[in-house]
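Understanding the architecture of this molecule
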Amino acid sequence: MVRVRFAPSPTGVLHVGGARTALFNWLFARNNKGTFILRIEDTDEVRSTDESVGQILESLAWLGLDWDEGPYFQMQRKEIYQKHLAQLEAQGKAYRCYCPPEELETMRRLALLEKRPPRYDGRCRSLTDTQRQEREAKGSPEGQSCAKSQGQKHVLRFAMPQEGETRISDLIRGQVCFENLLQQDLVIQKTSGIPTYNFACVIDDHLMGITHVIRGEEHLSNTPSQIQIYKALGWEPPQFAHLSMILGPDSAKLSKRHGAASVMDYKNQGYLPQTLRNYLALLGWATPTSQDLFEPEELIAKFNLDYCQKNPAVFDFNKLSWMNGIYIRKLSKSELFQAVKPYLPPKSDYDESKLEEMVGLEQEKYKTLADAGRLLDFFFDENYPYQWPDMEGLLAKSPNMKTAGDCLKLAQTLETKFNASDNFSSQAVEKTLRETTQEYKWKTSEVFHSLRFAISGRLQGPSLFHMAESLGKARVIQRLKRFHPDPGTSPDGSPALLGGAPSTTGFKGNSPRLNPYFLSPGHG
RNA sequence: GGCCCCAUCGUCUAGCGGCCUAGGACGCUGCCCUCUCAAGGCAGAGAUCACGGGUUCGAAUCCCGUUGGGGCCA
């Protein structure tokens with residue numbers, strides 16, 4: 001029976017590297033009909049926070065990675081570690097070290113200076129009983145954690161075997177060999193009495209019956225020490241699988257610097273959980289056919305540790321965006337609307353069904369949900385500007401429409417026609433437009449683009465007829481009245497060349513990063 | 001500094017001794033579709049498989065070394 005765990009330290013947000021580890025564990029468990037356990041490794045009493053625990057749980061839930069057991073908290077299991085710590089000490093497999101932190105620091109510096117590996121020399125290992133009593137009496141070390149109430153006068157170090165080697169049969173990397181003599185006697189219990197990460201991890205993995213430890217490559221170097229602890233306790237180590245790292249575009253470890261590093265960053269920027277899950281699965285894992293897109297069940301069915309990649313993977317924001325577009329297009333209109341809603345202006349004159357219709361018009365263009373701003377802003381802003389260079393561009397491409405005045409005339413014609421008709425469905429709008437094209441003997445594009453420009457201030461947008469229908473007759477006519485393609489014809493006489501009055505809604509599309517709606521969904 | 005890991009198009013990767021004149025995907029370029037932008041379809045550019053030695057009839061694939069990147073000790 002497969003039992004795996006994800007064991008984050010609650011010292012910050014859940015990063016994509018951690019999320020990928022969680023995902024692979026989860027996939028492995030589900031694929032093998034095994035158990036996925038969540039364990040919070042909060043033994044770093046200084047840096048661990050409840051807030052971080054909350055964020056990690058929230059991130060996992062958002063990604064849809066549900067756990068079968070836990071969360072367990074290591075700080076609630078201190079007695080358990082205590083027992084095994086005492087056992088090792090009694091058996092002489094661990095010893096008290098009284099070296100003060102400053103002394104260790106000096107030793108390390110000296111070692112580096114002499115170009116030796118900066119490892120603890122094991123000087124406390126061979127202390128006699130009398131020497132030990134002396135140290136106890138003196139009361140060192142004086143580390144910060146020692147100052148705490150239950151501080152002890154020593155740390156406990158694990159006595160690594162001095163000869164032989166430790167072999168790891170890694171499921172991804174194969175045989176990896178470490179010489180025992182080169183491993184240092186690592187601290188397994190701090191002066192505070194709390195076990196260190198490496199120790200608590202071993203105890204829990206054993207006691208929780210973990211069969212496969214799937215974790216990041218950064219833990220590979222810790223593994224020989226951990227294996228020796230298993231042996232000292234008379235336990236069989238689990239199987240190990242060390243996943244390659246995830247890097248940023250500059251080949252450095254992925255971090256905040258690269259734009260988004262935490263799972264919640266991606267959520268807030270408008271990525272779908274199914275996108276991130278699918279994309280993360282592709283970092284360091286691939287099927288023999290290099291398949292890119294997976295249905296959730298398919299991913300579980302096909303997941304296999306044998307397909308894991310050994311070399312590190314660079315996180316490709318481009319591909320993530322492409323994939324997000326794919327998943328956004330797969331949403332139903334109402335799902336899309338619900339997802340995009342937090343990115344829409346908090347208030348507008350449109351009712352829900354109208355909004356849903358508008359959101360759906362641009363479904364194939366979203367890369368992220370936050371694109372709603374860029375894509376739909378003109379629906380909400382009656383004071384959108386007209387840019388003269390756009391008008392010029394329009395004229396340049398129009399053999400029949402010679403001047404801005406011609407454009408205005410067309411707008412007036414359309415205004416009259418729309419006014420005269422009761423039907424303002426997209427079909428009716430199209431009919432009117434095509435008729436007008438005939439009458440004017442212009443190219444369809446000349447007429448269509450002119451109307452688009454007049455009623456939205458843009459040359460790009462959704463299907464013109466549907467866009468008009470969504471805006472509604474009254475609004476379209478109002479916008480046509482407002483249309484002023486050049487300064488001479490501006491209805492209020494103000495210079496219209498470089499755009500109209502400032503936006504009243506604050507919902508402007510060209511610089512989404514500056515707009516609060518795009519930064520935080522759920523605003524307002 | 002020591003130990004450990006890694007090395008195929010810009011990126012994610014397929015490949016596990018002959019099917020490879022190296023396949024797919026993102027991105028890029030062009031064409032088609034089209035009321036614009038997208039989406040979609042088609043085509044194209046892009047990798048002397050890090051380098052140097054071996055082993056073999058034959059190597060991207062196995063071995064050794066070098067270089068480069070990363071991790072741990074921190």
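Read on for a plain summary of the structure. From a predicted model like this one, the values you see are computed outputs, not experimental measurements.

Observations regarding helix α1 (residues 16-31)
- For α1, which comprises 16 residues, the first-to-last C-alpha distance of 22 Å matches the rise-based estimate of 22 Å (1.5 Å per residue) to within 8%.
- Counted residue by residue, α1 has 13 buried out of 16 residues, so it is predominantly covered.
- Directly beyond the C-terminal end of α1, a positive phi value near 55° is found at Lys33.

Some remarks on the pairing of strand β2 (residues 35-40)
- The element β2 is largely enclosed, with a buried count of 6 among its 6 residues.
- As defined by bridge partners, strand β1 (residues 3-6) adjoins β2 across 4 bridges and the pair is classed as parallel. Bridge pairing in β2 links Arg5 to Ile37.
- Note on the crossover from β1 through α1 to β2: the handedness is right-handed.
- Note: β2 against strand β3 (residues 69-73), 3 bridges, orientation parallel. The partner of Ile37 across the bridge, within β3, is Glu69.
- Following the backbone out of β2, through helix α2 (residues 50-63) and into the adjacent parallel β3, one traces a crossover that is right-handed.

Considering the layout of surface pockets
- Looking at the largest pocket, its volume works out to about 990 Å³.
- The dominant element in the lining of the largest pocket, judged by the number of residues it contributes, is α1, at 6 residues.

Considerations on the sheet that holds β1
- Overall, parallel pairing links the 3 strands, which are arranged β1-β2-β3 in an open sheet. The open sheet has two edge strands with one neighbour each: β1 and β3. In this sheet, neighbouring strand axes are inclined to one another by 25° on average, regardless of whether the strands run parallel or antiparallel.
- Packed onto the sheet, α1 meets β1 and β2 and runs at close to 165° relative to β1.

Comments concerning the protein's contact with RNA strand B
- The full set close to RNA strand B counts 49 residues, and Arg173, Gly284, Ser290, Lys365 and Gly461 are the nearest of them.
- Restricting the count to atoms of RNA strand B within 4 Å of the protein gives a sugar and phosphate share of 74%.
- At 2.8 Å from a phosphate oxygen of RNA strand B is found a side-chain nitrogen or oxygen belonging to Gln309.
- The backbone of Leu459 places a nitrogen or oxygen atom 3.1 Å from a sugar or linking oxygen of RNA strand B.
- At the level of elements, β7 (174-179), β12 (313-314), α11 (317-330), α18 (444-456) and α19 (464-471) are the ones that each hand at least two residues to the surface near RNA strand B.
- Residues that form the surface near RNA strand B fall into these classes: 22 nonpolar, 13 polar and 14 charged.

The rules we used
Residues numbered from 1 in each chain as written. Chains lettered and ligands numbered in written order. Predicted model: local features only at pLDDT ≥ 70, side-chain atom pairs only at ≥ 80, totals over all residues. Heavy atoms only, no water. Helix = DSSP H or I, 4+ residues; strand = E, 2+ residues; numbered from the N terminus. Expected span 1.5 Å × (residues − 1). Buried < 20%, exposed > 50% of the residue type's maximum accessible area, 1.4 Å probe, protein only. Pairing = 2+ DSSP bridges. Right-handed = clockwise from strand over helix to strand, strands pointing away. 1 Å grid on protein atoms, 1.4 Å probe; cavity = no way out; pocket = protein on both sides within 12 Å on 5 of 7 lines; lining within 4 Å. Points joined across faces, edges and corners; volume = space filled by probe spheres on them. Axes fitted to C-alpha atoms, helices over the stretch in contact; angles between N-to-C directions. Contact = heavy atoms within 4.5 Å. Near = heavy atom within 4 Å. Polar contact = N/O pair within 3.5 Å; in protein donor to acceptor, adjacent residues only side chain to side chain. Nonpolar A, V, L, I, M, F, W, Y, C, P; charged D, E, K, R; others polar.

Just distances and angles here, no functional claims.
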